[in-house]
Structures are given as structure tokens and as C-alpha cells.
Amino acid sequence: MPSPAAPVDHLVIVGNGMAGQRLVEALVQREGAPRRITLIGAEACPAYNRILLSPLLAGEMEREALTLRDADWYAERGVELVLGERVERIDRAARRLTTAGGREIAYDRLVLATGSTPALPPVDGLELDGVHAFRDLDDAAALTRAAERGGRAVVIGGGLLGLEAAEGLRKRARAGLSVSVLQRASRLMNRQLDATAAGLLQAELEGRGLEIVTGADLERLEDDGRGRVCAVRLADGRRLPADCVVLAIGIAPSVELGRRAGLEVHRGIVVDDRLTSSDPAIHALGECCEFEGRTYGLVEPIWRQVEVLAARLAGEDVEGYVEAPTATKLKVSGISLYAFGPIEPDVDHEVLTYHDPEHGDYRRLLLRDGRLEGAVLYGDTAAGPWYFAEALAGRHLDACRQALLFGPADARALLDATKAEAPNPATPHAQDRSPQEEAA
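Residues numbered from 1 in each chain as written. Predicted model: local features only at pLDDT ≥ 70, side-chain atom pairs only at ≥ 80, totals over all residues. Heavy atoms only, no water.

### Comments concerning the sheet that holds strand β7 (residues 109-112)
Operational definition: Only when DSSP finds a minimum of two bridges between them are two strands counted as paired. Put simply, DSSP marks the helices as runs of H or I at least four residues long and the strands as runs of E at least two long, and each gets a number from the N terminus on. Axis lines are fitted through C-alpha atoms, for helices just across the contact stretch, and the angle between N-to-C directions can take any value from 0 to 180 degrees. Any two residues whose heavy atoms approach within 4.5 Å are treated as being in contact.
Strand order in this open sheet of five strands is β3-β2-β1-β7-β19, and the pairing throughout is parallel. In the strand order of this sheet, the two ends are held by β3 (79-83) and β19 (282-284), each with one partner. If you compare each strand with its neighbour and ignore which way they point, the axes differ by 15° on average. Sheet analysis places strand β2 (residues 36-41) next to β3, joined by five bridges and oriented parallel. Across the sheet, the residue bridging to Ile37 is Val79, located in β3. Strands β1 (10-14), β2, β3 and β7 of the sheet are contacted by helix α1 (residues 18-27), whose axis makes an angle of about 155° with β1. Sheet contacts for helix α8 (residues 299-313): β1, β7 and β19; angle to β7, the most-contacted strand, approximately 170°.

If you want it as C-alpha cells, here you go:
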């Protein structure tokens with residue numbers, strides 16, 4: 001095991017998003033925390049929960065409810081909070097960074113938690129007025145205004161973010177607003193859902209008034225002649241009029257600051273299992289980092305990264321970060337989804353399915369040699385964590401196969417019954433005993 005990190009005098013964290021905030025929270029609880037912590041954020045407000053941008057757009061939540069900690073919380077814990085300043089340059093030799101406003105800050109150890117930026121399609125027209133991302137509070141405010149004006153909105157991207165943006169626009173609209181979702185793949189959320197679950201989701205969203213267009217290959221955004229978007233043109237020639245376009249096709253790690261500093265950067269800022277970059281004084285964390293070729297967009301692995309890095313920065317002797325299987329638990333527009341493992345079965349999988357159209361529930365399990373490898377749950381997802389635990393354990397489930405689709409209660413009863421019926425190795429059957437055991 002590597003030796004713990006040396007005590008840190010001044011730690012600077014660049015990025016006041018959810019990962020940077022979580023790191024501060026983990027550090028201030030530790031005795032060996034850095035003596036000084038400075039947290040720098042490009043946005044003018046303290047960290048907030050980006051996951052809740054969708055209900056904010058939908059008008060279901062007030063802005064204040066998104067704030068993770070107010071400015072007083074940092075001050076009370078001796079954390080210097082610098083907001084509204086973007087870091088432009090890192091001088092690695094001098095261990096000093098410079099902000100866009102000219103502020104210079106020295107560091108002993110630096111953490112880059114710069115997050116991600118919206119991924120952009122390689123098409124013309126992205127610079128037009130009326131074209132938006134959906135990544136921060138300013139985006140949510142701009143989309144709120146667009147929804148209240150009415151007209152025609154086109155959301156590009158049929159994943160979680162795109163669907164949440166589309167539903168938020170639909171719910172927020174006060175005037176007449178039509179909302180279309182364009183998905184390049186043949187089904188919605190193709191990385192999480194199989195065809196049946198995706199079809200159920202599409203039918204539900206269309207029933208609410210959204211137009212879903214799959215197999216939509218974007219060609220360009222059209223200019224109305226005054227610098228504003230007026231339509232979306234698809235590769236097959238279809239043209240969708242649009243007063244507002246939302247780009248929600250994914251995220252890209254925000255790595256420019258690290259790249260300019262000369263750090264090793266592939267898709268993300270490359271780190272080892274201690275979240276350390278190619279410079280031993282600089283760490284990267286969350287959506288901006290890359291570990292063993294992987295980048296991140298879900299909170300579960302990022303929270304595990306935070307615990308490893310916080311312990312290291314506090315001088316604790318801990319194991320490094322390792323990848324672990326994760327399940328995807330989502331609530332898309334009020335519809336619960338849970339998935340893990342392969343989405344598509346292969347020839348060796350046994351496929352078990354359950355579908356209750358009346359209640360909108362669907363489950364599909366993939367087993368190999370009696371062991372669970374993957375699941376997709378739509379609607380009622382209560383059994384999801386149990387399925388995931390059984391898959392991680394690699395338990396042989398043939399004994400409860402007939403009850404497996406109905407969740408843990410009946411399945412456990414069958415497993416327990418099988419266990420009870422199994423012979424105890426410590427008390428073998430009479431016919432298996434040796435003459436010496438019989439005499440004893």
C-alpha cells in the first residue's frame with residue numbers, strides 16, 4: 001500500500017460544483033485536513049445540486065432549494081470561498097494559479113474539480129440565438145423564459161438530460177408550446193433501457209404531449225437571416241421549425257485548464273488510483289478526470305473518489321480508488337428506472353421477463369448458468385437493489401427461478417428452503433458414514 005500523503009498546508013480546489021463541495025465536506029470532518037482550504041468557483045453562487053435543475057425548470061422547486069451550503073457555512077469552517085472567478089492559468093513550477101480577474105493564489109496541493117461541459121454535435125448553427133445547453137442555473141433561467149414565451153422547442157438528445165429538459169419545458173410553458181425530442185438512436189435512453197422499456201417510456205411521454213423522433217440524424221440548425229435559429233434540419237431532409245433548441249446529447253470533461261498546464265490529458269485529466277495527475281501536486285476529481293480509460297457522469301463513483309482523495313489529503317493510510325460495478329437508478333419525469341449489467345442479451349443468456357401493462361411495470365432479467373448478470377426495471381423498481389446485490393454475490397438462483405421476477409420476498413423463501421433441505425456436511429447421512437463413525 002502506498003504511504004499516506006504528507007500533511008498539506010494550503011489546498012486549493014478549482015471547481016465549486018458537486019464534487020468540489022463534497023470534497024470540502026469530507027475534509028472539514030477530518031483531523032488531518034489541510035490547514036487552509038480555498039475553494040474557487042466560476043459561477044457567482046455557492047455550489048448547488050445540478051440534478052435538481054430539471055424540477056427547477058419545471059417550476060416544481062424554488063431556486064434556494066438547490067443550494068448545498070450557503071456562504072456562511074464555508075466561513076464558519078475557515079474555508080475561503082472565491083466565487084465568480086475563472087482560473088485561467090496554472091504555473092506548476094511556482095505552484096501558483098491566476099484567475100481571469102488577475103488574482104494570484106499559491107498552493108501546496110491543487111485539486112481540479114472542473115466538471116464537464118455540454119457535448120456539442122459537429123453541425124452548423126450552434127452559435128445562433130435561441131440555441132441553449134441545459135447545464136447550469138443560467139441555462140435553466142434561459143429555458144424558463146423560452147418556455148413562457150411559447151412557440152416550438154426542439155430538444156436534441158433522448159437520454160436522461162434531454163428528456164428531463166423536454167418535460168421541464170412542457171410543464172413550465174404558460175403559452176402554447178410544442179416540444180419535440182430528437183434521438184439519434186432507434187430508441188430513448190438506449191444505454192440504459194432495452195427496446196421494451198424504451199417503448200413504454202416513449203408511449204408515456206407521447207401521452208403527455210411530447211413528440212418523440214427517433215433515428216434522427218442532425219444535419220444543421222437553420223438561421224432565420226437575423227442570427228436566430230428557426231429550424232432543425234435532419235440528414236433525411238426533414239425540417240422541424242424551432243424557436244428554441246436545447247442541446248442535451250451528453251457531456252465532455254472540462255480539461256482545458258489541465259491541458260494548458262501540461263498535464264497528461266486524454267478524454268479527461270488522467271489520474272492514478274490516488275486521484276493524482278501527472279503532476280504529484282495536482283489531483284483531479286469527478287467528471288473532469290479519467291481513470292484507467294474511464295470518465296464519469298454518475299455520482300456514485302465520484303463520491304467514492306472523494307472519500308479516497310479526502311483521506312489521502314488528510315494523511316490517512318487508505319487503499320486507492322478502484323472501479324466497482326454500479327447500477328443506474330434514475331427517475332425520468334416521475335418514472336422510476338433501474339438497470340445494471342448488459343443491456344442486450346447474448347446467445348448464452350436466459351431471459352426472464354415480466355410485464356404488467358395496467359400498472360406500467362416491466363422487468364427483464366438476464367441470467368447465465370443460473371446467475372444474474374443484468375436487469376432492466378421500469379415503473380416498480382423496489383427490487384432493483386436486491387437484484388444488484390445478488391448479481392454482485394454471483395449466487396446461483398435456479399432454486400428460486402420461478403419466483404425471481406416477483407422480487408426478493410418469494411425468492412428468498414425458496415432459497416432458504418433449499419438451504420434448509422441441503423444435507424449438513426457436518427452430519428452426513430448414515431449410508432455415507434464409515435464403520436468407525438457408526439461405532440462411535
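### What to know about the packing of α1 against α8
Formally: Convention used here: angles under 35 degrees read as roughly parallel, angles over 145 as roughly antiparallel, angles from 65 to 115 as roughly perpendicular, and any remaining angle as oblique. Definitions for this section: a left-handed crossing has its near helix turned counterclockwise from the far helix by less than a right angle. A right-handed crossing has that turn clockwise. Classification convention: Asp, Glu, Lys, Arg as charged; Ala, Val, Leu, Ile, Met, Phe, Trp, Tyr, Cys, Pro as nonpolar; all other residues, Gly among them, as polar.
Relative orientation of the contacting elements α1 and α8 amounts to 45°, with a least axis distance of 9 Å. Put simply, α1 runs oblique to α8. As α1 runs across α8, the sense of the crossing is right-handed. Of the residues in α8, those touching α1 at Met18, Ala19, Arg22, Leu23, Ala26 and Leu27 are Ile302, Trp303, Val306, Glu307, Leu309, Ala310 and Leu313. Among the residues making up the contact of α1 with α8, the classes are represented as 11 nonpolar, no polar and two charged.

### A look at the nonpolar core
Convention followed: Residues belong to one nonpolar core when they are buried, are Ala, Val, Leu, Ile, Met, Phe, Trp, Tyr or Cys, and are joined through side-chain atoms within 4.5 Å. Note on exposure labels: buried denotes an accessible area under 20% of the residue type's maximum, exposed denotes more than 50%, and partly exposed covers the range between, all computed with a 1.4 Å probe on protein chains only.
Counting residues in hydrophobic clusters, the biggest one holds 52 residues, and the most contacted among them are Ile13, Leu23, Ile90, Leu97, Leu110 and Leu112. Here this core takes seven residues from α8, the largest share from any one element. Apart from the residues lying within four places of it in its own chain, the contact partners of Ile90 are Arg96, Leu97, Tyr107, Leu110, Leu112, Leu257, Ala261 and Ile282.

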